[in-house]
Amino acid sequence: MLDSMREWGFFLLRRFGFFLIALFGVSVITFTVTHKIGNPVYLLVGTRYNQEMLDNIRREIGLDRPLHEQYLRYAGNLLQGNLGISRFSYNPVLEDIGRRLPATLELSSWALAMGVLWAVPAGILAALRPQGRMARLADLAARTGVSMPGFWLGLLLIFVFFAELHWFPAPLGRIARSIGPPQYVTGWYSIDTLLAGDREAFFSSVSHLILPALTLAITTSPSTLQITRKRMQEVLQSDYIRSARAFGLPGNKVYRYALRNTLGPVITMIAMTYGYLLSGTVLVEVVFTWPGLGLYAVDAMNHSDYEPIMGVVLLSSGFYLLVYLASDIFNALFDPRVRTEL
Amino acid sequence: MLAGEQAIPERPSLLQRMMRANGPLRVRLNIGLLLLIVLLGLLAPLLPLHDPVRPNPLNRFKAPSLEHPFGTDGNGMDVLSRTIHAIRTDFALAISSVALGIVVGAPLGALSGYFGGRLDSVITRITEVFQGFPQILFGMAVLAAAGNTMVNLVLILAFYNVPVYSKMVRSVTLPLREADFVQAARVAGNSPLSVVFRHVLPNTLVPVFSQLPLSCAYAAQMIAGLSFIGLGVAIPTPEWGSMIQLGANQLVFGKWWASIFPGLALFISVWLLNNVSDLFGSLVVRRG
Amino acid sequence: MKRSLLFNMLFVLLLLAMLPGGMALAQEENVLVIAIPGDIETLDPPFSRFQRSNETNLNIYDQFFRYGSVDTGLGYSVADTGTIEGASVESWEWSEDLSSIVLNIREGATFNKTGREVTADDFIYWFERAVGTESGTLWNVNTANIASWEKTGPHQVTLQFSQLSPWLFFLFRDQSQGPMDAIEAQANVADDDPWAARWLAKNDVGSGEFYVESWEPGVAMVLRANPDYWAGKAFFDQIVLQVVPSSADRALLLREGEVDIAASLSTDELAALEGAEGVKVLTVPTRNQMIMGLNVTEGPLANKLVRQALSYAVPYDDIIEGIFGGKAKKSAGPVPVDGKHHDGSVWPYDYDPDKARELLAEAGYADGFEFTLDIASGVATTEQIAVVLQAAYADVGVTMNINLQTAAVFGEQLGTLGHQAWMRDLLWYVDDPGYTGVATFRTGGITNWMGYSNETIDGLIVQMNGTLDEELKAELAREYQRIVSDEAPQLFLADMPFEIAMRDDIHGYVQLPDNLLWYWPLYRE
């Protein structure tokens, strides 16, 4: 008991330590890009400037200080949530990110849900009948999804379902302009419109969500499908299941057991996909004019304003690392071996 | 015959083993088509195609016809010719970035796996950080800050490939540490570095090559994605992502050809690369 | 059970109460929705550098003067630069020797947000702020040759000039030239920000036709009509500026009837909209020129013969027919073909690749040379022209690389002569060759992004601006055009029309010389 407590303690400490180190690594990289590769002075000074103004700004933002001091200053700002000010929206980057995060979270959550809803059952079915028609279909769909450039698939869907068939609204944002955003509760229009009890707004919100979410679901779910299928096959072929079958354990019990053992890696993969989606929506947001973090970063780029981009990079890598940490801990709950690994 | 080496029966060729594992049709089809695409790209300048960068302002956004089977784009350039010439751009960029990633990543992984210990855990952790990095976003930021050039694009993609290959080579190297031929080389008095580079690294080639098409597929998607938002490739260089972007504006008005054809070419290429990677992968798994 | 019933009933009641009320309200309000490409950069007029914020500031601040307008009979009006009307300045009086002017400020005008009356103090603060911030307005003040300003009554300001001020009215109808609520601005200064530049970037304190009702950066800005505007309330109670970054999407929204006006469309999108049901496209001739500027300070481009060769190698007609759909005019020199004192007879260039090759050989570049053209990304027309030029130059042996930059970087490098060559459109909203000369071809002029310097030209420009004799000015202008055309520091690629697409029930459009959209005269019918 005590041993296991200590094991846990060390495990958590180690994992958390690595998490912090990774965060530190990320901040060093973003620091290098903003302070060393790019020159923030020219971005701050605007178009009309002289040498004196340049020097003043250099001093003001501490570019005349030694490198480690500059980094400490940068990291200190980050810890205080100061990600700088956007040159094109004139808002603190953190504020902008806060405003746009719900849009991206909503889109990626829908995409994840849509992906999981088909990928996990398809993976299981494919594992049960490896040579069956369903398995082949799942395989084909996974291959297609993984090879499909998301932004192009988005354009394709827009062309077919909007421009030609008119089944879905124009790819412009989250809700029809004539309806307007609902009262802010969660920031997710598909939920806020429900809370407001506005059917029309809800349908509008969902109809705007479906195509971009579908695009992302198609391109990101194959890994979930593959891992479900692979893991399920492994479990079904394991000695335990074979002997359980040999001893005449009823089929549904066998499957239930197999499923439970499949769950761990599948959940890890789903978590990873979610972690990836937060930044993986960029191009799809551009295609559908979805006002989330990705579009924000692209707008910033088009204004040569890279503090917002770096803010989004920091946020999404932090999010990814957090998800990674969480899935490690989750796995350790089920598999004691993980706890003693590095 | 040297000590430790065994007489082995005539080994079947890679291709034969691949066919045995996957069925000849699948292997022929995938590899054949991929080679065809590469060949098209290589021979593009010799083919009877329109000049891919010759604009014709009087012939813009023309629908597919006999003269222009894929239509013309916003500059009045022939989409077919550009789609084929883009193979050169996209494949060259993808392959060079992956190659660079291997050149840096593979030795790192081999060193890390061979020496183990602290160096190993440091390298492993660093690779993990990179893998969690929002790659498109970060690419955007670096290209915006460091200059929007093809060289920078290749460097960024190589940067992403380094951890992929160091991780893979490390995992292959770990069991090799105790392999007979490595120990023999060590006993023979070779320096650790020379053991790593002469004896360990060559043995990681097969898994590295099986990963290669997959990395190229991924790199091609990244290149096209970044070009789609105007990064990396200068206009009017034929490149799938920027071609898709150029045509995207007219897609909603029914002029689909300028975007759809290059996208299709990208999709098919990535598809084939992924399949070929699977074929290679089946070899590695069997071997292990 | 009971609770849920109650809740449902309340909910239905609430809906019933909301619906008719909301609908009635919606019918009463006239709302104009405009799709714009990017957000408004700043609400602080002196710091406004881009078209989006220029337009917003024009509409929310009340400029000193404004132009009268004439109906063209083609469904729109154009500003008449010959007729100056008062705006926030109601009337004025020149001194006899034209060395000073008395400005009488409109009495009873109030600031939108505070309801305070606009007084001479606000005008004085405006001048002081121009100096204190060293912002764009100061350039206008200096270019108008204003030496000093003085409050000569509660509603009166007197300006002294250092020399003749031919462009006072043209400059002081700019979006940056309107009084701001001095008390409100001063209430929002900070220690490190004595002119409240940070606060004013996001808050409007004007007395114009509209004011900012709400602003969600990157998404939309909503303007509301000033009910007490001196010339009457605008027809539209509300203007919604919806940010839609992709130009194709803006065109699409217009076609679908989701917005009333789509700003900044490419010629391809305008072509796609023409003939669409319920949409009209206005094509207005302007003095907007597509220009390629060459850095004449170094390399092959410092050679006049090379620049002439490049001018001969432009397929002008292909650009006009193919890229502008025949709607542009062939340029003929530094004065737009529709501009005052234009003289096309001194313009030598036509598409003549042989002549270009000859000139290159003569200049010692028979084997060609290489240079880079920078353009701002996201402007389809510029990219298309650049691609055409690249091919045309390749034909005469010159390699031109095209480098896309973000608008911000492109703009910054213009001022520092960072480009070897650049291309953009330049709109001459002051219709006077002397003015464009001062700005662009005089040594050190503010838009002299070529590093061009020629003593004769400098002299001609001074002479043009020192005379009120139009005949003499025309003669000087001819010589000016001849020399600039011959020296070719800029290539004049096309005189472009201004095109704007809107729903066909929107009327009252007035074309301003700076192509900004003025919301006040618009109405729906």
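Procedures and definitions
Residues numbered from 1 in each chain as written. Chains lettered and ligands numbered in written order. Predicted model: local features only at pLDDT ≥ 70, side-chain atom pairs only at ≥ 80, totals over all residues. Helix = DSSP H or I, 4+ residues; strand = E, 2+ residues; numbered from the N terminus. Contact = placed C-beta atoms within 7 Å. Rg over C-alpha atoms; globule rule 2.2 N^0.38 Å. Buried ≥ 20, exposed ≤ 12 C-beta atoms within 10 Å, placed from the backbone. Core = buried A, V, L, I, M, F, W, Y, C linked by C-beta atoms within 7 Å. Nonpolar A, V, L, I, M, F, W, Y, C, P; charged D, E, K, R; others polar. Pairing = 2+ DSSP bridges. Expected span 1.5 Å × (residues − 1). Bend = angle between axes of the 7 residues up to and from the residue. Axes fitted to C-alpha atoms, helices over the stretch in contact; angles between N-to-C directions. Parallel < 35°, antiparallel > 145°, perpendicular 65-115°, else oblique. Left-handed = near helix turned anticlockwise from the far one by under 90°. pLDDT = per-residue confidence, 0-100.

1. Examining the overall build of chain A
Logical step 1: Scanning chain A for helices and strands turns up 16 helices and 0 strands.
Logical step 2: Long-range pairs, those at least 24 residues apart, make up 70% of the contacts in chain A between residues at least 6 apart in sequence.

2. Comments concerning the overall build of chain C
Logical step 1: For chain C, the count of helices and strands is 17 helices and 19 strands.
Logical step 2: Taking 525 residues into account, the globule formula puts the C-alpha radius of gyration at 24 Å, and chain C, at 25 Å, falls close to it.
Logical step 3: Along the three orthogonal principal directions, the C-alpha set of chain C runs to about 95 × 65 × 50 Å.
Logical step 4: When the 525 residues of chain C are sorted by exposure, 50% land in the buried category.

3. With respect to the nonpolar core
Note on soluble globular proteins: their nonpolar side chains tend to be buried together.
Logical step 1: If you look at the biggest cluster of nonpolar residues, it comprises 315 residues, and the most contacted ones within it are Ala297 and Ile309 of chain A, Ala141 of chain B together with Ile34 of chain C.
Logical step 2: Core analysis: the next-biggest nonpolar cluster, separate from the first, contains 5 residues, Trp188, Tyr189, Ala201 and Phe202 of chain A among them.

4. Concerning the interface of chain C and chain B
Logical step 1: Residue-level contacts link 22 residues of chain C with 17 residues of chain B.
Logical step 2: Elements with a contribution of two residues or more to the side of chain C that touches chain B: helix 8 (247-255), helix 9 (267-273), helix 11 (316-323), helix 13 (380-395) and strand 14 (399-405) of chain C.
Logical step 3: Per element, the largest residue contribution to the side of chain C that touches chain B is 6 residues, and it comes from helix 13 of chain C.
Logical step 4: Considered class by class, the residues forming the side of chain C that touches chain B number 11 nonpolar, 7 polar and 4 charged.

5. Quick notes on the interface of chain A and chain B
Logical step 1: With 38 residues of chain A in contact, the opposing surface of chain B contributes 35 residues.
Logical step 2: At the level of secondary structure, the elements contributing two or more residues to the side of chain A that touches chain B comprise helix 1 (2-37), helix 6 (133-147), helix 7 (150-164), helix 13 (282-287), helix 14 (293-302) and helix 15 (306-334) of chain A.
Logical step 3: Looking at which element gives the most residues to the side of chain A that touches chain B, the answer is helix 15 of chain A, with 10 residues.
Logical step 4: When its residues are assigned to classes, the side of chain A that touches chain B shows 30 nonpolar, 7 polar and 1 charged.

6. Details of the sheet that holds strand 2 (residues 65-71) of chain C
Where strands meet in a sheet, backbone hydrogen bonds hold them as pairs that are either parallel or antiparallel.
Residue and element names in this part refer to chain C.
Logical step 1: One open sheet accounts for 3 strands, arranged 2-3-18; its pairing is mixed. Unpaired on one side and paired on the other, strand 2 and strand 18 (510-511) mark the two borders of the sheet.
Logical step 2: In the sheet, strand 2 pairs with strand 3 (residues 77-86) via 7 bridges, with the strands oriented antiparallel. Looking at the pairing, arginine 66 lines up with glutamate 85 of strand 3.

7. What to know about helix 6 (residues 150-176) of chain B
All names here are of chain B.
Logical step 1: For helix 6, with 27 residues, the first-to-last C-alpha span of 38 Å sits near the 39 Å given by 1.5 Å per residue.
Logical step 2: Maximal helix bending in helix 6 amounts to about 25°, located at asparagine 161; proline proline 163 follows within four positions.
Logical step 3: Of all 27 residues that make up helix 6, 19 are buried, and the element is covered over most of its length.

8. Here's the deal with the sheet that holds strand 14 of chain C
Residue and element names in this part refer to chain C.
Logical step 1: The 10 strands lie next to each other as 8-9-10-1-11-16-12-15-13-14, forming an open sheet whose pairing is mixed. With one partner strand each, in any of the chains shown, strand 8 (210-216) and strand 14 form the two edges of the open sheet.
Logical step 2: Pairing between strand 13 (residues 370-376) and strand 15 (residues 421-427): 2 bridges, direction parallel. Each residue of the ladder has a partner; that of aspartate 374, found in strand 15, is tryptophan 422.
Logical step 3: The sheet strands contacting helix 13 are strand 12 (279-294), strand 13, strand 14, strand 15 and strand 16 (490-503), and the helix crosses strand 14 at an angle near 165°.

9. Some points on the pairing of strand 8 of chain C
All names here are of chain C.
Logical step 1: In the sheet, strand 8 pairs with strand 9 (residues 220-225) via 6 bridges, with the strands oriented antiparallel. The residue of strand 9 that forms the bridge with glutamate 216 is alanine 220.
Logical step 2: Linking strand 8 to strand 9, which pair antiparallel, is a turn of 3 residues; within it glycine 218 sits at a positive phi near 80°.

10. Some points on the packing of helix 15 of chain A against helix 5 (residues 135-146) of chain B
Logical step 1: Their axes nearest at 9 Å, the elements helix 15 of chain A and helix 5 of chain B cross at an angle of 155°. Classified by the angle their axes make, helix 15 of chain A and helix 5 of chain B are roughly antiparallel. At the point where helix 15 of chain A passes helix 5 of chain B, the crossing takes the left-handed sense. Taking contact as the criterion, the partners of Tyr306, Ile309, Met310, Val312, Val313 and Ser316 of chain A in helix 15 of chain A are, on helix 5 of chain B, Leu137, Phe138, Met140, Ala141, Ala144 and Ala145 of chain B.
Logical step 2: Per-class residue counts for the contact of helix 15 of chain A with helix 5 of chain B are 11 nonpolar, 1 polar and no charged.

11. A few points about the pairing of strand 7 (residues 156-161) of chain C
All names here are of chain C.
Logical step 1: Where strand 5 (residues 100-105) and strand 7 come together, 5 bridges link them in antiparallel fashion. Bridging across to strand 7, isoleucine 101 finds its partner in leucine 159.
Logical step 2: Judged from the 6 bridges that link them, strand 6 (residues 146-153) and strand 7 form a sheet pairing that is antiparallel. Each residue of the ladder has a partner; that of glutamate 150, found in strand 7, is threonine 158.

12. Details of helix 10 (residues 222-237) of chain A
Logical step 1: Taking 1.5 Å as the rise per residue, helix 10 of chain A with 16 residues should run 22 Å; its terminal C-alpha atoms sit 22 Å apart, in good agreement.
Logical step 2: Contacts made by the buried residues of helix 10 of chain A are with helix 5 (93-128), helix 6 and helix 12 (251-280) of chain A.

13. Description of the environment of alanine 197 of chain C
Residue and element names in this part refer to chain C.
Logical step 1: On the secondary structure map, alanine 197 appears in helix 7 (residues 197-202).
Logical step 2: In this structure alanine 197 comes out as buried when scored by C-beta crowding, with 20 C-beta atoms within 10 Å.
Logical step 3: As for alanine 197 and valine 510, which are separated by 313 residues in sequence, their C-alpha atoms are 31 Å apart.

14. Notes on unusual backbone geometry
Logical step 1: For the bond from isoleucine 235 of chain B to proline 236 of chain B, the omega torsion is -5°, close enough to zero to count as cis.
Logical step 2: Structurally, the position occupied by proline 236 of chain B is in the loop between helix 9 (205-228) and helix 10 (240-251).
Logical step 3: Phi angles above zero are rare outside glycine, and asparagine 145 of chain C is one such case at about 60°.
Logical step 4: When you line up the elements, asparagine 145 of chain C lands in the loop between helix 4 (136-143) and strand 6.

15. Observations concerning the environment of threonine 193 of chain A
Residue and element names in this part refer to chain A.
Logical step 1: Within the secondary structure, threonine 193 sits in helix 8 (residues 189-195).
Logical step 2: Spatially, the C-alpha atom of threonine 193 lies 32 Å from that of proline 149, the residues being 44 residues apart in sequence.
Logical step 3: Threonine 193 has contacts with Pro182, Asp198, Ala201, Phe202 and Ser205, leaving out every residue within four places of it along the chain.

16. What about the environment of histidine 50 of chain B?
Residue and element names in this part refer to chain B.
Logical step 1: Looking at the element boundaries, histidine 50 is found in the loop between helix 2 (24-43) and helix 3 (79-115).
Logical step 2: The spacing of histidine 50 and methionine 77 is 27 residues in sequence and 8.1 Å in space, taken between C-alpha atoms.
Logical step 3: When neighbours within four sequence positions are excluded, histidine 50 is seen to be in contact with Asp78 and Ser81.

17. A short note on the packing of helix 5 of chain B against helix 6 of chain B
All names here are of chain B.
Logical step 1: Axis separation between helix 5 and helix 6 bottoms out at 10 Å; the angle between their running directions is 145°. Two packed elements cross with a definite hand, and for helix 5 against helix 6 that hand is right-handed. Of the residues in helix 6, those touching helix 5 at Gln135, Gly139, Val142, Leu143 and Ala146 are Asn152, Leu153, Ile156 and Tyr160.
Logical step 2: When the residues that make up the contact of helix 5 with helix 6 are grouped by side-chain class, the tally is 6 nonpolar, 3 polar and no charged.

18. Re the confidence of the model for chain A
Logical step 1: When pLDDT is averaged along chain A, the result is 83; 89% of the residues meet or exceed 70.
Logical step 2: Element-level pLDDT for chain A is lowest in helix 2 (residues 40-45) of chain A, with a mean of 57, against a maximum mean of 95 in helix 9 (residues 199-220) of chain A.

19. Considering the confidence of the model for chain C
Residue and element names in this part refer to chain C.
Logical step 1: Per-residue confidence for chain C gives a mean pLDDT of 89, with 95% of residues at or over 70.
Logical step 2: The spread of mean pLDDT over the elements of chain C runs between helix 1 (residues 2-28), the lowest at 46, and helix 10 (residues 304-312), the highest at 97.
Logical step 3: When the criterion is pLDDT under 50, residues 1-7 qualifies, and its contacts beyond four places in sequence or with other chains add up to 0 contacts.
Logical step 4: Long-range and interchain partners of residues 11-26, a stretch whose pLDDT sits below 50, account for 1 contact in this model, where long-range means more than four residues apart.
Logical step 5: Taken together, the chains of this predicted complex give a pTM of 0.85 and an interface ipTM of 0.86.

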